[in-house]
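Notes for the structure review
Chain by chain, the residues run as shown.
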2 protein chains.
Amino acid sequence: MIHIALLGFGVVGSGTAEVLTKNRSLIEKHSGKQIEIKYILDLRDFPDHPLGNRVVHDFNLILNDPEISVVAEMMGGSHPAYEFTKAALAAGKHVVTSNKEVVANFGVELLDVAREHGVNYLFEASVGGGIPIIRPLQNDFAPDNILSVSGILNGTTNYILSKMKNDGAEFADALRQAREKGYAEADPTADIEGLDAARKIVILCALAFGVLIPPSEIEVEGITKITSDQVAVAESLGCAVKLIGHTERIGDRVLAQVCPHLVPASNPIHHVEDVFNGILVNSDPLGKTFFYGAGAGKLPTAGAIVADILNATSSDLVLPVWKRAEKNEIAGSRERNVRRAFVLPGCAKCAERAKPVFGFEQYVVQEGAFAFLSRPMTGEEVENALRELGKEPVWTLPVLD
Amino acid sequence: MIHIALLGFGVVGSGTAEVLTKNRSLIEKHSGKQIEIKYILDLRDFPDHPLGNRVVHDFNLILNDPEISVVAEMMGGSHPAYEFTKAALAAGKHVVTSNKEVVANFGVELLDVAREHGVNYLFEASVGGGIPIIRPLQNDFAPDNILSVSGILNGTTNYILSKMKNDGAEFADALRQAREKGYAEADPTADIEGLDAARKIVILCALAFGVLIPPSEIEVEGITKITSDQVAVAESLGCAVKLIGHTERIGDRVLAQVCPHLVPASNPIHHVEDVFNGILVNSDPLGKTFFYGAGAGKLPTAGAIVADILNATSSDLVLPVWKRAEKNEIAGSRERNVRRAFVLPGCAKCAERAKPVFGFEQYVVQEGAFAFLSRPMTGEEVENALRELGKEPVWTLPVLD
């Protein structure tokens, strides 16, 4: 019997209790394990809940109970989740979590504490909700040299962009619909400004490259400036506008960023709609591997928590070793050699002049402007090319091939 | 140091040696483990290969060497791969394999032997090449009630169907191109008749539902009868024709089958092109989860073998318990309640008459016929509906929603 404590009885916490209860016999049949929720830590009381009698308000009850072998931390926010996690690990308890903020900001230290005390710190539910991605990255990609990881990591913004693409909606209207459907919070800032995706991409970066960059130190651009016109131009170029978290190695440094990209139909990410997430790993020797599924939502995220609980008691897990990124290890997006979408002002003659400079053949005519996808270029090459043509872009976004 | 033996030095065997050599330090950095190839079993000699001096022709050398803890079986075909696997497991050695034929036909017994001797039998590379699917199904889906698993499991046939869809090629011409590119063998029967996919879907069925159905006992239809006309009709209905392996629970029985399906654009499987594979799992609570990647090919498959070797020495793995399917546990495709594509002979008047019977609104006019996607129907309901209209279909295929 694995005795566990849930920290937080909000959406994910109550969802975890629901999955553990509803799928109890299936879980035992599949894993050979039985899980018992001994404590639920929350500031609130839940007198009408079947597990209401397990609710406690004092973390020390959990910390000091030797019977508790696994703690599921689903509190949201950095504090006191970070402190509770560290204390639990130091007390010889495994911790599993959906808390991307804690993993992104304190992951180096917490993994060290876990390793030091011979316990596990798992966070499948922190990125991509129910999609198995953390465990495969550590397990199935262990033989691999990972070149890049890119993905749609936030359901709210993808829902908005889907509405803009499929219904021709403007951003503000699509955001309103997202709120009405419960896909966006009352304050959707963290989602639409890309901060949520930023926390997730630094976790993926650390898993891929062993280096954890603080989310505050990466370039982050959300979708608040995306117009229905840009979405239409993208479509005419065979692409969809998606908010992408992207990380790759550039030389011996590492880039992690969040910004809207144009994604061609040949990339499976192009076809990820609504609140789904999708993550593409480019590695040698597996090649391109893509994981897609419910990136958020109470029950899928709870499913990932339960899978982690089942894995937590394994003594064979090799915890990743992360180090904090030094400033000179962090690459900027300017160094990225990538195809780029441009809308430049000018007429057909300008487009013809631009062709050899930006390395394209096809372009789409706009009113007083033209749109195209360039050859792969670094930021410096872009600056030189624009200078050569004497033009400033109406807009430009990277292409995710 | 993990001392291993490779059984078979063909495409996958030599690929495995290549990955282990080229990514040696990465593998050690990621996993903390070092792998040494001590023996390579093959009938042939490889005097010019750097590892040529490890080649042996006598399996007993491997069997009787206590230093060998993991055997990678990549021989192809059932015999003597089955016998060698069984002997190795009984001798207390872990076995990892890409051999879908052995897993599909002897999986129940081999897993029992492994369990009995406290060793692991792993087969990530047997389905979907490099795509992590076997391990996630056992690990990440342990909390889940799996409802169905469906996918493109064969690259050769998907390449052919992609050519037919994107280039308008006829089957024979697309097959010729596949051969020229090395995507189809000299004798492509196992691929184009669906036998390869059949072996893989019974493995996925066993992982999902605990019941192994012999590949010879499931309904299998390949792509040899698919015409460019059918592909065009599918496109007009918003679908792509794909060869799908599908397994689901029907009541307390299990269905596994292989046949061409019409796949709508809303299903991520629709967008899997060329030699890529893609597998969609429908489960509670994760919902729809999709895995896509290089389903075949020397190096991706070798990558999966190496990942299995790294996992093989774990003492915590819970091997799946499979039982042989009894006849009364196996459902037939006729019982499947699924939307179906039809082309029925007749004019617009007939189409109107057919609407309430088959539950559709839109249809596409053909010469002397009409095409539509029905409501979900069982085989029996289809028979009744056709009888009611007094029609026989020109053709009909299931729809994979």
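That block above? That's the structure.
All of the points below concern the structure found in this document. Keep in mind that what you see is a predicted model, and the values were worked out from it rather than measured.

Tallying secondary structure elements over chain A gives 14 helices and 18 strands in all. Relative to its length of 401 residues, chain A is compact, with a C-alpha radius of gyration of 23 Å against a globular reference of 21 Å. The principal-axis extents of the C-alpha atoms in chain A amount to approximately 75 × 45 × 35 Å. Buried residues in chain A amount to 61% of all 401 residues. Across chain A, contacts joining residues at least 24 apart in sequence account for 72% of those joining residues at least 6 apart. Carbon and sulfur atoms make up 51% of the accessible area of chain A, which amounts to about 15,200 Å² in all. When the 38 positive and 51 negative side-chain charges of chain A are each reduced to one mean point, those points stand 2 Å apart.

Moving on, we come to the interface of chain A and chain B. At the junction of the two partners, chain A supplies 44 residues and chain B supplies 44 residues. For the pair chain A and chain B, the interface holds four salt bridges. For R135 of chain A, the salt bridge identified is with D140 of chain B, shortest N-O distance 2.9 Å. Remark: the boundary between chain A and chain B carries 20 residue pairs in polar contact (both at pLDDT 80 or more). The set of elements that each furnish at least two residues to the side of chain A that touches chain B consists of helix 1 (11-22), helix 2 (24-31), helix 6 (134-139), strand 12 (276-284), strand 13 (287-294) and helix 12 (298-312) of chain A. Ranked by the residues each element gives to the side of chain A that touches chain B, the list is headed by helix 12 of chain A, at eight residues.

The next thing to look at is the relation of the copies chain A and chain B. Superposing chain A onto chain B takes a rotation of 180° plus a shift of 0.0 Å along the axis, which leaves an RMSD of 0.0 Å. On the angle and the small slide along the axis, the relation comes out as a two-fold axis. Measuring from the rotation axis to each C-alpha of chain A, the shortest distance belongs to F291 of chain A, at 2.5 Å. Of all interface residues in chain A, 100% are interface residues in chain B too; the two copies therefore contact each other through one and the same surface.

On to the nonpolar core, then. Membership of the largest hydrophobic core comes to 183 residues, with the highest contact counts inside it found for Y121, L262 and W322 of chain A together with I62, Y121, L262 and W322 of chain B. Not counting residues within four places of it along the chain, the set of residues in contact with Y121 of chain A comprises T85, L89, V95, T97, V102, V103, L110, L111, A114 and L319 of chain A.

It is worth spelling out unusual backbone geometry at this point. Of the consecutive residues H79 of chain B and P80 of chain B, the connecting peptide bond is found in the cis state with omega at 5°. By the secondary structure assignment, P80 of chain B is in the loop between strand 4 (68-73) and helix 4 (81-90). Of note in this structure, D274 of chain A is not a glycine but carries a positive phi near 55°.

Attention shifts here to the sheet that holds strand 1 (residues 2-7) of chain A. All names here are of chain A. Sheet architecture is open: six strands sit in the order 3-2-1-4-5-6, paired in parallel fashion. Of all strands in the sheet, those bounded by a partner on one side alone are strand 3 (55-56) and strand 6 (121-122). With five bridges connecting them, strand 1 and strand 4 (residues 68-73) associate as parallel partners. What sits directly across from L7, in strand 4, is E73.

This brings us to the state of the cysteines. The full count for this structure, using the stated rule, is zero disulfides over all chains. Unpaired in this structure, C205 of chain A has its nearest cysteine sulfur neighbour in C259 of chain A, at a distance of 15 Å. We note that C239 of chain B lacks a disulfide partner, and the nearest cysteine sulfur, in C259 of chain B, lies 14 Å from it. You can call C239 of chain B buried: its relative accessible area is 3%.

Moving on, we get to the packing of helix 4 of chain B against helix 5 (residues 100-116) of chain B. All names here are of chain B. Axis separation between helix 4 and helix 5 bottoms out at 10 Å; the angle between their running directions is 15°. Considering their axes alone, helix 4 and helix 5 lie roughly parallel with respect to each other. Classified by chirality, the crossing of helix 5 by helix 4 is right-handed. Contacts between helix 4 and helix 5 involve A81, Y82, T85, K86, L89 and A90 on the former and, on the latter, V102, F106, E109, L110, V113 and A114.

Turning next to the environment of H3 of chain A. Residue and element names in this part refer to chain A. Structurally, H3 can be placed in strand 1. Look at H3 and you get buried, because its relative accessible area is 16%. Considering only alpha carbons, one finds H3 and K38, 35 residues apart in sequence, at a separation of 6.1 Å. Ignoring anything within four residues of it in the chain, the contact list for H3 reads E36, E67, I68, S69 and V70.

To continue, consider the pairing of strand 10 (residues 239-250) of chain B. All names here are of chain B. Along strand 10, eleven of the twelve residues are buried, which leaves the element largely enclosed by surrounding structure. Two strands pair when backbone bridges link them, and strand 7 (residues 145-152) and strand 10 are joined in this way by four bridges, in the antiparallel orientation. Following the sheet pairing, G151 is matched in strand 10 by G245. One ladder, built from twelve bridges, connects strand 10 with strand 11 (residues 253-264); its direction is antiparallel. Within strand 11, the position partnered with I244 by the bridge is C259.

All names here are of chain B. As a packed pair, helix 7 (residues 155-167) and helix 8 (residues 171-180) sit with axes 9 Å apart at the nearest point and diverge in direction by 125°. Classified by the interaxial angle, the pair formed by helix 7 and helix 8 is oblique. Pair helix 7 / helix 8 crosses with right-handed handedness. Every residue of helix 8 that contacts helix 7 at Y159, I160, K163 and M164 is listed here: F171, A174, L175, Q177 and A178.

Conventions used here
Residues numbered from 1 in each chain as written. Chains lettered and ligands numbered in written order. Predicted model: local features only at pLDDT ≥ 70, side-chain atom pairs only at ≥ 80, totals over all residues. Heavy atoms only, no water. Helix = DSSP H or I, 4+ residues; strand = E, 2+ residues; numbered from the N terminus. Rg over C-alpha atoms; globule rule 2.2 N^0.38 Å. Buried < 20%, exposed > 50% of the residue type's maximum accessible area, 1.4 Å probe, protein only. Contact = heavy atoms within 4.5 Å. Areas by Shrake-Rupley, 256 points an atom, 1.4 Å probe, with all protein chains shown as cover. Lys, Arg positive; Asp, Glu negative; His and termini not counted. Charge placed at Lys NZ, Arg CZ, Asp CG, Glu CD. Salt bridge = Lys/Arg side-chain N within 4 Å of Asp/Glu carboxyl O. Polar contact = N/O pair within 3.5 Å; in protein donor to acceptor, adjacent residues only side chain to side chain. Least-squares fit on C-alpha atoms with pLDDT ≥ 70 in both. Core = buried A, V, L, I, M, F, W, Y, C linked by side-chain atoms within 4.5 Å. Pairing = 2+ DSSP bridges. Disulfide = S-S within 2.5 Å. Axes fitted to C-alpha atoms, helices over the stretch in contact; angles between N-to-C directions. Parallel < 35°, antiparallel > 145°, perpendicular 65-115°, else oblique. Left-handed = near helix turned anticlockwise from the far one by under 90°.

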